[in-house]
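Okay, here's what each chain looks like letter by letter:
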Amino acid sequence: GIVKNGRIVYWEAAPGSEVKLQSMVDQVLAEDDLLRKYSAFIECFNGSPGAAAKALPMLDAIFDPEIKIYTGIDTEPKDMEWFRNIFIPSFDKDRNVAKIEALERTESGLTTVIRNIVKGKDTGAAPQRGIVKNGRIVYWEAAPGSEVKLQSMVDQVLAEDDLLRKYSAFIECFNGSPGAAAKALPMLDAIFDPEIKIYTGIDTEPKDMEWFRNIFIPSFDKDRNVAKIEALERTESGLTTVIRNIVKGKDTGAAPQ
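Overview of the structure. Note that the coordinates shown come from a computational prediction; the quantities given were computed from them, not determined experimentally. (Residues numbered from 1 in each chain as written. Predicted model: local features only at pLDDT ≥ 70, side-chain atom pairs only at ≥ 80, totals over all residues. Heavy atoms only, no water.)

**Regarding the pattern of salt bridges**
Under the definition given, this model contains ten salt bridges. The partner of Arg-84 in a salt bridge is Asp-60, with the nearest N and O atoms 3.3 Å apart. Here Arg-84, found in helix α4 (residues 80-93), pairs with Asp-60, found in helix α3 (residues 59-62); they are 24 residues apart in sequence, far enough to count as distant. The residue Arg-129 makes a salt bridge to Glu-141 at a minimum N-O spacing of 2.6 Å. Of this pair, Arg-129 sits in strand β6 (residues 121-133) while Glu-141 sits in strand β7 (residues 136-142), and the two are twelve residues apart along the sequence. By relative accessible area, Arg-129 is classed as partly exposed at 34%. (Salt bridge = Lys/Arg side-chain N within 4 Å of Asp/Glu carboxyl O. Helix = DSSP H or I, 4+ residues; strand = E, 2+ residues; numbered from the N terminus. Buried < 20%, exposed > 50% of the residue type's maximum accessible area, 1.4 Å probe, protein only.)

This is how it looks when you write it as structure tokens:
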């Protein structure tokens, strides 16, 4: 460093250590960049309209597509599909709020404390933590001891979206793995009315539950066909969704329903 009038006016790596200093600076800033991105992501949920529209474009830069999310006391993790299509859009309905009270790096990733205001009610601050690999969050959970608090917040945010959770879990059965029908069929009665009328396209006569249960759902097993939710949201009268299907290995496109 060069000093003038008692203060440092110039600073550089000592000759021969330029690469080492640059490497250190790059590593420090790379880690802090994720904190900045995560903070900007949470700031979208400030109670103003269009929170999901602002937050969703940021997901891929912050969260790994294979992220595992434990929302509290659950034994099975949620995935990116749930996070993108159910949890994040749920903030728009009642303009719920999330505020960061603490955020810092750890050796394995990051920890944060987030306070939520759900339907105008302060649900408290929930400590949470994530594991980071290759610059993105791959795992998320409640900090030890705060599992019940985090689960309570998630339950309150999604209270009116229980049907969306069930429907999403139903569609997730059709992921190309064996036994899709065996996993999906037990869910039917909790999601679909036994007298449901199903119009599959340009047909004039509706299909019924018997067709859905005994023909359509089992058909996914034969070629391990895939169904993926690309959008899912509540409407005044029910719900809308966009589902992309892969049939016999061929992408048949996304169909709004």
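And the narrative resumes.
**Describing the sheet that holds β6**
Ordered in space as β3-β7-β6-β5-β4, the five strands form an open sheet in which the pairing is mixed. What marks the edges here is a single partner per strand, and that holds for β3 (63-69) and β4 (97-105). Going across the sheet, the axis of each strand differs from the next one's by a mean of 25°, ignoring polarity. Bridging between β6 and β7 involves six bridges; their strand directions are antiparallel. Residue pairing in the sheet places Arg-129 in a bridge with Glu-141 of β7. (Pairing = 2+ DSSP bridges. Axes fitted to C-alpha atoms, helices over the stretch in contact; angles between N-to-C directions.)

**Some points on unusual backbone geometry**
With a phi angle near 55°, Asn-5 is a residue other than glycine that sits in the positive phi range. Mapping Asn-5 onto the fold places it in the loop between β1 (2-4) and β2 (7-10).

**Concerning the packing of α4 against helix α5 (residues 147-157)**
At a minimum axis separation of 9 Å, α4 and α5 run at an interaxial angle of 75°. The pairing of α4 with α5 is recorded here as roughly perpendicular in orientation. For the pair α4 and α5, the contacting residues are Trp-82, Phe-87, Ser-90 and Phe-91 in the first and Met-153, Val-154 and Val-157 in the second. In the contact of α4 with α5, the residues fall into six nonpolar, one polar and no charged. (Parallel < 35°, antiparallel > 145°, perpendicular 65-115°, else oblique. Contact = heavy atoms within 4.5 Å. Nonpolar A, V, L, I, M, F, W, Y, C, P; charged D, E, K, R; others polar.)

**Describing a negative patch on the surface**
There is a patch of like negative charges on the surface, built from Asp-193, Glu-195, Asp-208 and Glu-210. Looking at the secondary structure, you find Glu-210 in helix α9 (residues 209-222). (Patch = residues over 30% accessible without salt bridge, like charges linked within 9 Å, V, L, I, M, F, W, Y side chains within 5 Å. Areas by Shrake-Rupley, 256 points an atom, 1.4 Å probe, with all protein chains shown as cover. Lys, Arg positive; Asp, Glu negative; His and termini not counted. Charge placed at Lys NZ, Arg CZ, Asp CG, Glu CD.)

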